[in-house]
Amino acid sequence: MTAGFVKEDMHTAVYNHLVQMYQHIYMSIFEYLTMEHQALISYDAYAEMIAMSQGGYLKDYYERLKRGAV
């Protein structure tokens, strides 16, 4: 497996985890999710993943996610 695929898998796993986390938060506030909510969830998850990457702790978060510690 090349490094590009590993990095892509890492980004996908972290993004999907963040989306699920934000969906849970939104569902605790709103009765149902609208398309606008879904767009905000997607944007927030992507922005947080980019911030993790720029901050240098995306790989650490991914490793904790694999261990089930997040």
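A separate point is the environment of M27. Within the secondary structure, M27 sits in helix α1 (residues 3–29). With a relative accessible area of 43%, M27 lands in the partly exposed category. The contact partners of M27, leaving out residues within four places of it in the chain, are Y32 and L33.

Further remarks concern the pattern of salt bridges. Applying the stated criterion across every chain, the model contains two salt bridges. In this structure, R64 engages D60 in a salt bridge whose closest nitrogen and oxygen atoms are separated by 3.6 Å. Of this pair, R64 and D60 both sit in helix α3 (residues 58–67), separated by four residues, roughly a single helical turn. Accessibility expressed as a relative area gives 29% for R64, which makes it partly exposed.

Membership of the largest hydrophobic core comes to 14 residues, with the highest contact counts inside it found for V14, L18, M52 and L58. For this core, the secondary-structure elements that each account for two or more residues are α1, α2 (35–55) and α3. For this core, the leading source of residues is α1, giving six residues.

Criteria and thresholds
- Counting starts from 1 at the beginning of each chain's written sequence and moves along it residue by residue.
- It should be noted that, the model being predicted, local features are given only for residues of pLDDT at least 70 and side-chain atom pairs only at 80 or more, the latter also being counted only at that level, while totals for whole chains, interfaces and linings use all residues.
- To get the side-chain values, take all heavy atoms of the structure and skip hydrogens and water.
- Numbered from the N terminus, helices here are DSSP runs of H or I no shorter than four residues, and strands are runs of E no shorter than two.
- Working definition: with a 1.4 Å probe on protein chains only, accessible area under 20% of the residue-type maximum means buried, over 50% means exposed, and in between means partly exposed.
- Any pair of residues with heavy atoms lying within 4.5 Å of one another is described as a contacting pair.
- A carboxyl oxygen of Asp or Glu within 4 Å of a side-chain nitrogen of Lys or Arg is what we treat as a salt bridge.
- Take the buried Ala, Val, Leu, Ile, Met, Phe, Trp, Tyr and Cys residues and link them wherever side-chain atoms come within 4.5 Å; each set so joined is a nonpolar core.

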